[in-house]
Amino acid sequence: MTEYKSVLLSKNGRVILALAREFLACKPGDRIGTVEHYSQKYNIGRGTVQSALKFLQSIGAVHLESRGHLGTYLEGMSHKKLWEVADYGVIMAVMPLPYSKRYEGLATGLFMAFEEADLPFSLAFMRGASKRLEALELGKYNLAVLSKLAARLEIQKGTPIEIIHEFGVQSYVSDHVVIFRDDAREQIEPGMRVAVDPASVDQTILTCYECEGIEVDYVETSYAQILHKLAENQIDAAVWNLDEVVERKLNYQPLRNRKSQEVAREDTTAVLAVHRDEKVLGNVLRRLVNMEGIEAIQRQVISGELIPSY
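Sequence order sets the numbering: in each chain, residues are counted from 1 along the sequence as written. Where local features are concerned, this predicted model is filtered to residues with pLDDT of at least 70; where side-chain atom pairs are given and counted, the filter is 80 or more; whole-chain, interface and lining totals use all residues. Side-chain metrics in this entry use all non-hydrogen atoms of the structure; hydrogen atoms and water are not considered.

(A) Spatial organisation of the overall build of the protein. Helix and strand labels come from DSSP, where a helix needs a run of H or I of at least four residues and a strand needs a run of E of at least two; each type is numbered from the N terminus. For the protein, the helix and strand inventory stands at 14 helices and 12 strands. Referenced to the eigenvectors of the C-alpha coordinate spread, the extents of the protein come out at roughly 80 × 40 × 35 Å. Accessibility here uses a 1.4 Å probe with only protein chains present; expressed as a share of the type maximum, an area under 20% marks a residue as buried, one over 50% as exposed, and anything in between as partly exposed. Every one of the 310 residues in the protein was classed for burial, and the buried ones make up 50%. Look at the contacts in the protein between residues 6 or more apart in sequence, and 74% of them connect residues 24 or more apart. Split by element, the accessible area of the protein, about 14900 Å² in all, is 47% carbon and sulfur. Taken as two groups, the 36 positive and 42 negative side-chain charges of the protein have centres that lie 6 Å from each other. The contact rule is simple, with two residues in contact once any of their heavy atoms fall within 4.5 Å. For accessible areas, the Shrake-Rupley method is used with a probe of radius 1.4 Å. Any residue's cover is judged against the shown protein chains and nothing else. Charged residues are defined narrowly, with Lys and Arg counted positive, Asp and Glu counted negative, and His plus the chain ends left uncounted. Where a charge sits is defined by one atom per residue type, namely NZ (Lys), CZ (Arg), CG (Asp) or CD (Glu).

Set out below in structure tokens:
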């Protein structure tokens, strides 16, 4: 925005910014609205709309072609210049802590994909899907990474989010298992103290399914504190990410409840979500960011072919 700040702060600035955001969601060859359409949409004069369109063309942000009664078409565009004029700024994303190769690969893929798209990008890390979505709702971040399961449950609850991309199976975690304090245990039994992290939608729902019909004592525990509480004999079992388990000598068993097994596929799938009011931004990112490339980079990091960089 710095280069065009004086123009965007002028009388015509509001409509220039609005049109830049609209055009970012378009692709070359698309037919754009008429001057009258934008005049009514933004409640401004036709002359103001015409001036805004001329400005965007003069800086090389768009190339428009009039085809008479057929309308006006977007023949070319500079995503970088439109992004600057649209004043979206740095795209802030938040995802789980990169404690596994899978998350490191996802973080690396995101950085490289946004760099390739020539979009300013920054990534933060935060445990708990609920906390990440709360920060998204508050406007602290533009994007949140979470599991498909967590996203679906939050949408059902009425959380104002929208999934803009769904990655493949095992893009979020490889699987979830139950870990036990006692090496002799093979399943959750009555009387056990079972950890549950209210901030993690995934962990909570899987834990409740695994304990369905079993009289257990739920112990509210931050996901990061589960191992400590196991070691200190404060809990007996917990649902945990298999990616973390394989790097430690822990007694773990597969999920046994039919419901938890059914949702496990959703729980291993990563999604990108935006606030429901940011649909334009979501459409822009769908168009400009190579989402498939992100997964390819993640696989390279997991296999050791690529060094994580984020």
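Don't stop here, the text continues.
(B) Geometry of the packing of helix α2 (residues 13-24) against helix α5 (residues 79-86). Interhelical geometry of α2 versus α5 gives an angle of 140 degrees and a closest axis separation of 8 Å. Relative to α5, the element α2 is oriented oblique. Like other packed secondary-structure pairs, α2 and α5 cross with a definite hand, here left-handed. Here α2 contributes I16, L17, A20, R21, F23 and L24 to the contact with α5, which in turn contributes H79, L82, W83, V85 and A86. Partitioned by chemical class, the residues of the contact of α2 with α5 number nine nonpolar, one polar and one charged. Here the axes come from fitting lines to C-alpha atoms, over the contacting stretch only for helices, and the angles between their N-to-C directions go from 0 to 180 degrees. Any angle that is under 35 degrees is reported as roughly parallel, and any over 145 degrees as roughly antiparallel; angles of 65 to 115 degrees are reported as roughly perpendicular and all others as oblique. Left-handed is the label given to a crossing in which the near helix is rotated counterclockwise from the far helix by less than a right angle, and right-handed is the label when the rotation is clockwise. Classification used: nonpolar for Ala, Val, Leu, Ile, Met, Phe, Trp, Tyr, Cys and Pro, charged for Asp, Glu, Lys and Arg, polar for all others including Gly.

(C) Region of the structure containing the packing of aromatic side chains. Note on ring pairs: Phe, Tyr and Trp rings are taken, using the six-membered ring of Trp, and paired if centres are within 6.5 Å. Classes follow the plane angle, with under 30 degrees stacked, over 60 edge-to-face and the rest tilted. Enumeration over the complete set of coordinates arrives at nine aromatic pairs. Judged by centre distance (6.5 Å) and plane angle (85 degrees), the rings of F23 and Y38 are edge-to-face. Remark: Y38 occurs in helix α3 (residues 35-41) and F23 occurs in helix α2; sequence separation between them is 15 residues. Aromatic pair Y103 and Y172: ring centres 5.4 Å apart, planes at 70 degrees, arrangement edge-to-face. Taken as a pair, Y103 in helix α6 (residues 101-116) and Y172 in the loop between β6 (161-166) and β7 (176-180) lie far apart in primary sequence, 69 residues in all.

(D) Examining the pattern of salt bridges more closely. Each reported salt bridge corresponds to a side-chain nitrogen of Lys or Arg within 4 Å of a carboxyl oxygen of Asp or Glu. Within the structure shown, the criterion is met by 17 salt bridges. With a closest N to O distance of 2.4 Å, E22 and K41 form a salt bridge. Pair noted here: E22 is in helix α2 and K41 is in helix α3, with a separation of 19 residues, a long-range link. A relative accessible area of 47% places K41 in the partly exposed class. Among the charged side chains, a network of salt bridges with common partners joins E65, R67 and E75.

(E) Local environment of the nonpolar core. Working definition of a nonpolar core: buried Ala, Val, Leu, Ile, Met, Phe, Trp, Tyr and Cys residues. They are joined through side-chain atoms within 4.5 Å. Ranked by internal contacts, the top residues of the largest apolar core, which has 58 residues, are F23, L56 and L285. With seven residues, α2 is the single largest residue contributor to this core. In this structure L285 touches W83, I91, F114, L119, L143, I164 and M291, once residues within four positions along its chain are discounted. The next biggest cluster of nonpolar side chains, apart from the first, holds 29 residues, and it includes V94, L136, L146 and A273.

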